[in-house]
Amino acid sequence: MERISTANAPEAIGPYCQAVRVDDFVFTSGQIPLNPRTGEIEGTNITEQTEQVMKNLSAVLDASGSGFQHAIKTTCYLADIADFAAFNEVYAKYFINKPARSCFAVKDLPKGALLEVEVIAKVAKEHKDYVVD
């Protein structure tokens, strides 16, 4: 198991890492809409916050040697299920391969975020310069 770390995504706010690579698979930790430079929530609505989450996931996946196109499964947590349609609009721009997915409404998320998303993906065979912690 290799821990993945990149400065292009927020540092973990607890005792975990941004992602782990096991063989040819990457398991990301859940990403909330933190700006990696400030550590603060980016965006005030579900659309803006989803865009930030996707930027964070992109950075972690890239550092892992993967990308959205290699996603196998996502798990999505929404603070308000009423945001489901707006969330899906942004999500669909990134996960064009339509991986398997679970999506839940939850009571609370860290730092008052409106969403959190985690990904399981394959490592791209052509991408070997991932960052290992």
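Right above here is the structure, for reference.
Conventions adopted
- Residues numbered from 1 in each chain as written.
- Predicted model: local features only at pLDDT ≥ 70, side-chain atom pairs only at ≥ 80, totals over all residues.
- Heavy atoms only, no water.
- Helix = DSSP H or I, 4+ residues; strand = E, 2+ residues; numbered from the N terminus.
- Buried < 20%, exposed > 50% of the residue type's maximum accessible area, 1.4 Å probe, protein only.
- Pairing = 2+ DSSP bridges.
- Axes fitted to C-alpha atoms, helices over the stretch in contact; angles between N-to-C directions.
- Contact = heavy atoms within 4.5 Å.
- Expected span 1.5 Å × (residues − 1).
- Polar contact = N/O pair within 3.5 Å; in protein donor to acceptor, adjacent residues only side chain to side chain.
- Phe/Tyr/Trp six-rings, centres within 6.5 Å; stacked < 30°, edge-to-face > 60°.
- Lys NZ or Arg CZ within 6 Å of the ring centre and 35° of its normal.

1. Some points on unusual backbone geometry
With a phi close to 55°, Asp-23 is a non-glycine residue in the positive phi region. Looking at the secondary structure, you find Asp-23 in the loop between strand S2 (19-22) and strand S3 (25-28). Residue Asp-23 is classed as exposed on the basis of its relative accessible area of 67%. Residue Lys-111 is not a glycine yet carries a positive backbone phi of 60°. Mapped onto the secondary structure, Lys-111 falls in the loop between strand S5 (100-105) and strand S6 (115-122).

2. A short note on the sheet that holds S6
With mixed pairing, the six strands of this open sheet are ordered in space as S1-S2-S3-S6-S4-S5. Each end of this open sheet is capped by a strand with a single partner; those strands are strand S1 (2-4) and S5. This sheet shows a mean twist of 15° between the axes of neighbouring strands, independent of strand direction. As judged from the three bridges shared by S1 and S2, these two strands associate in the antiparallel manner. Within S2, the position partnered with Glu-2 by the bridge is Arg-21. Relative to the sheet, helix H1 (residues 46-63) contacts S1, S2, S3, strand S4 (71-78) and S6, its axis offset from that of S6 by approximately 30°. The strands touched by helix H2 (residues 84-94) are S4, S5 and S6; relative to S5, the strand with the most contacts, the crossing angle is about 150°.

3. Digging into H1
Taking 1.5 Å per residue, 18 residues should reach 26 Å; H1 reaches 26 Å between its end C-alpha atoms and fits that length. Counted residue by residue, H1 has 13 buried out of 18 residues, so it is predominantly covered. If you check the start of H1, you find a side-chain oxygen 3.1 Å away from the backbone N of Thr-47, and it comes from Asn-45. At the C-terminal side of H1, Gly-65 shows a positive phi close to 85°.

4. A few points about the packing of aromatic side chains
All chains considered together, the criterion is met by five aromatic pairs. A centroid spacing of 4.9 Å and a plane angle of 85° characterise the contact between Phe-68 and Phe-95, whose relative ring orientation is edge-to-face. Note that Phe-68 is positioned in the loop between H1 and S4 and Phe-95 in the loop between H2 and S5, a separation of 27 residues in sequence. For Phe-68, a relative accessible area of 11% gives the class buried. In this structure an aromatic cluster arises from ring pairing among Phe-68, Phe-87, Tyr-91, Tyr-94 and Phe-95. In this structure, Arg-101 packs its charged tip against the face of Tyr-91, placed 4.6 Å from the ring centre.

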